[in-house]
Amino acid sequence: MDSLRDGIQSAESIAALHAAGVIRTEAPFADDQVQPASLDLRLGRKAYRVRASFLPGRLRDVTACLAKLKLHEIDLRQGAVLETGCVYIAELQEGLALPPDLAASANPKSSTGRIDVFTRVITDQAREFDMVEPGYAGPLFAEISPRTFPVLVRTGSRLSQIRFRRGAVRLDDAALARLHAETPLVSAADPSFQGGVAVSVDLSGFDGLIGYRAKRHTGLVDVDRPRSYAVSEFWEPLRADGSGTLILDPGQFYILASKECVQVPPDFAAEMVPFDPLVGEFRVHYAGFFDPGFGHAAAGGTGARAVLEVRSRDVPFMLEDGQIVGRLVYERMAERPAALYGAQAGSNYQAQGLKLSKHFV
């Protein structure tokens, strides 16, 4: 498409890409499938339990790998339970025929990350997860691995989202500092700009609550049933004890929140770096996309925090209040979307504080 501008493509461009056949679908888009700067991806009709995660590499298709690694086939049309500790590969209803100057990247949706479902998009001949090279033409697949809760999914369930990018539009540290001076990106008095905007953890407490730790051996979560599960059946609340610290147990899953309020101006999109070895051996934020308007006052997002999905690696690790746990990188939009995040009925996390996924009440 010659009309595309450099930047992250907006909802309007995504619709145009679909109309032009760049985004191919088995069924028409759902009404709320296109977000301000991303597209939700829907599970198709089949999934496969596999022996191990894999990348096809330059010479193989996903189906060729499945022929060697699949244990059994699952029909998703009537719904299916995906068990914890298992790896599944699911067909997606969306496929791509990208022009040579357009690339894409994927991430779990916010609600997916907050229930600890590890999800990555793969393509034929892929050498990286969640990355779609310019000019790729072919199907998309999702690798799914529930880590804490078993989940019920079906054809049409949305676990991942994809962004389309033309050109090199990521802001460097100097550009971030200039943008912050014009429109504060985080509420920190002295923010750090080093490979992105630093984000720290709040362990002082939200009305005495600093976070949640997931329980083990719970019931399943139907990913398509919001506001259906009692918090107490799945989560252990963590109370502030005055120490300003929290020791992360290896293998446990935590929901915490950033100390800073975060803002994404309307002409930009942001992404949380999911793991930074410079700050500790743990992972934050499985679901890293922040749409234009997140936390923006004009879109009703004043005071929005970044929710952190945290898992420690190998050893216990002590977090301290105000410790840097990740970084936000910002990219320019190709054009401002007509509707910002929070202006749509499907925006579940605008103006959020410490908040679990939409499934819990």
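Residues numbered from 1 in each chain as written. Predicted model: local features only at pLDDT ≥ 70, side-chain atom pairs only at ≥ 80, totals over all residues. Heavy atoms only, no water.

Per an unreviewed UniProt entry, the recorded name for the chain is 2-deoxycytidine 5-triphosphate deaminase, and the organism is Methylobacterium nodulans.

**Focus on the pairing of strand S8 (residues 103–108)**
The side chains of a regular strand alternate, residue by residue, between the two faces of the sheet. With 6 of 6 residues buried, S8 lies mostly within the body of the structure. Across the two faces of S8 the burial is the same, with Ala103, Ser105 and Asn107 and Ala104, Ala106 and Pro108 all buried. Pairing of S8 with strand S13 (residues 158–166) involves 6 bridges; the strand directions are antiparallel. Pairing of Pro108 across the sheet is with Ser160, part of S13. Relative to strand S10 (residues 131–132), S8 runs antiparallel, the two being bridged by 2 bridges. (Buried < 20%, exposed > 50% of the residue type's maximum accessible area, 1.4 Å probe, protein only. Helix = DSSP H or I, 4+ residues; strand = E, 2+ residues; numbered from the N terminus. Pairing = 2+ DSSP bridges.)

**Details of the state of the cysteines**
Scanning all chains against the criterion turns up 0 disulfides. Here Cys65 is not cross-linked by a disulfide; its sulfur's nearest cysteine counterpart is in Cys86, at 19 Å. (Disulfide = S-S within 2.5 Å.)

**A few points about the environment of Val273**
Secondary-structure assignment places Val273 in the loop between strand S20 (268–272) and strand S21 (282–284). Relative accessible area serves as the criterion here: at 25%, Val273 is assigned to the partly exposed category. Residues Val273 and Ala188, 85 residues apart in the sequence, show an inter-C-alpha distance of 18 Å. Apart from the residues lying within four places of it in its own chain, the contact partners of Val273 are Val284, Arg327 and Val329. (Contact = heavy atoms within 4.5 Å.)

**What about the side chain of Ser160?**
Tracing the backbone through its elements, the reader meets Ser160 in strand S13. Dropping the residues within four chain positions of it, Ser160 is found in contact with Leu39, Asp40, Leu41, Asn107, Pro108, Lys109, Thr119 and Val121.

**What about the sheet that holds strand S15 (residues 209–214)?**
Pairing in this open sheet of 5 strands is antiparallel, and the strands run S17-S15-S19-S23-S21 from one edge to the other. In this open sheet, the two strands that pair with only one neighbour each are strand S17 (235–239) and S21. Along the sheet, successive strands turn relative to each other by an average axial angle of 30 degrees, direction set aside. The sheet contact formed by strand S19 (residues 253–261) and strand S23 (residues 305–312) spans 6 bridges and is antiparallel. Directly across from Phe253, in S23, lies its bridge partner Arg311. (Axes fitted to C-alpha atoms, helices over the stretch in contact; angles between N-to-C directions.)

**Some details on the environment of Ser13**
Structurally, Ser13 is set in helix H1 (residues 11–19). Owing to a relative accessible area of 11%, Ser13 belongs among the buried residues under this scheme. C-alpha separation for the pair Ser13 and Ala37, spaced 24 residues apart in sequence, amounts to 9.1 Å. For Ser13, the contacting residues outside a window of four places in its chain are Leu4 and Glu335. There is a polar contact of 3.4 Å between the side chain of Ser13 and the side chain of Gln9. (Polar contact = N/O pair within 3.5 Å; in protein donor to acceptor, adjacent residues only side chain to side chain.)

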